[in-house]
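So you can see what is in the structure, the chains are spelled out below.
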Amino acid sequence: NGAQVALTLLLFVFLFKIGEAFLGRMSIVFYKEVGFSNEQIGDYSKLIGWGATMLFTFIGSMFNVRFGIVKGLMIGGVAMASSNLMFAWMASVGPNEHLFLATVLVDNFTTAFSTVAFVSFLTVLTGQAFSATQYALLASLGNFGRTTLASFSGELVDYLNNWPLFFIITALMVIPSLIMLYSLRHYFHNLLEKAKDQR
């Protein structure tokens, strides 16, 4: 595919979910600092969040089949950023249970939607002869980006000392990866056309 396309693809995989990872690492700390009890956090974030993720993963898969890989990832990226802004809203409002529930539902929907799109994206990149190995390597690269860079999330929160600003920054983190994805749109169009011709 050439060095430029390969590097852009790998950087996209590495960076796509960085903002979500930064937020995820600090979410429980944020819930406690904003004023929610452990019981509320367990009910909304874990119990309801788990059920919502299962449902929204199914819905997200149907949407991604309709939109296609590139559009699905673009929509998923913008949706992830938007859900992060809901956390900034909650940080400004305080411990409002209705807003907490809405934020958890939106966040789980956007996470499920973007994850389905991302898995589809990685699957398309793999060759048939080595699909399992290549998928594992690409998925590991994505996880490596989330675990290494997101480990600085606590330091960023302490430095900013401003929860709304922190969540706004996490929303902006998706922009570089979406620019990379947009630059590769013709590559994916050609790739999918070749796949259709081989059937």
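The structure presented is a predicted model; accordingly, all values stated were derived computationally and were not measured.

Draft legend 1. Structural view of a nonpolar patch on the surface. There is a patch of nonpolar side chains on the surface, built from Leu 85, Leu 165, Ile 168, Leu 172, Ile 175 and Ile 179 and spanning about 510 Å² of accessible area. In terms of residues, the nonpolar patch owes the most to one element, helix 8 (residues 163–172), which gives three residues. By the element assignment, Leu 165 lies in helix 8.

Draft legend 2. Fine view of the pattern of salt bridges. In this structure the tally under the stated criterion is one salt bridge. Between Lys 17 and Glu 20 there is a salt bridge, with the nearest N and O atoms lying 3.6 Å from each other.

Draft legend 3. The packing of helix 2 (residues 18–34) against helix 7 (residues 153–160), seen in detail. Orientation of helix 2 relative to helix 7, taken along the N-to-C sense of each, is 75°, at an axis distance of 9 Å. On the basis of the axis angle, helix 2 is roughly perpendicular to helix 7. Of helix 7, the residues touching helix 2 (which contributes Phe 22, Arg 25 and Met 26) are Ser 153, Gly 154, Leu 156 and Val 157. Tallied by class, the residues present in the contact of helix 2 with helix 7 amount to four nonpolar, two polar and one charged.

Draft legend 4. Looking closely at the nonpolar core. Phe 30, Tyr 31, Met 90, Phe 166 and Phe 167 are the most contacted members of the largest nonpolar core, which totals 24 residues. Of all elements in the fold, only helix 2, helix 3 (38–67), helix 4 (69–93), helix 5 (97–125), helix 7 and helix 8 reach the threshold of two or more residues within this core. For this core, the leading source of residues is helix 2, giving eight residues. What Met 90 contacts, discounting residues up to four positions off in sequence, is Phe 30, Tyr 31, Val 34, Phe 36, Leu 99, Phe 100 and Thr 103. Judged by nonpolar contacts, the second largest core, of 22 residues, contains Phe 12, Phe 16, Ala 139 and Leu 184.

What counts as what
- Residues numbered from 1 in each chain as written.
- Predicted model: local features only at pLDDT ≥ 70, side-chain atom pairs only at ≥ 80, totals over all residues.
- Heavy atoms only, no water.
- Patch = residues over 30% accessible without salt bridge, like charges linked within 9 Å, V, L, I, M, F, W, Y side chains within 5 Å.
- Areas by Shrake-Rupley, 256 points an atom, 1.4 Å probe, with all protein chains shown as cover.
- Salt bridge = Lys/Arg side-chain N within 4 Å of Asp/Glu carboxyl O.
- Helix = DSSP H or I, 4+ residues; strand = E, 2+ residues; numbered from the N terminus.
- Axes fitted to C-alpha atoms, helices over the stretch in contact; angles between N-to-C directions.
- Parallel < 35°, antiparallel > 145°, perpendicular 65-115°, else oblique.
- Contact = heavy atoms within 4.5 Å.
- Nonpolar A, V, L, I, M, F, W, Y, C, P; charged D, E, K, R; others polar.
- Core = buried A, V, L, I, M, F, W, Y, C linked by side-chain atoms within 4.5 Å.
- Buried < 20%, exposed > 50% of the residue type's maximum accessible area, 1.4 Å probe, protein only.

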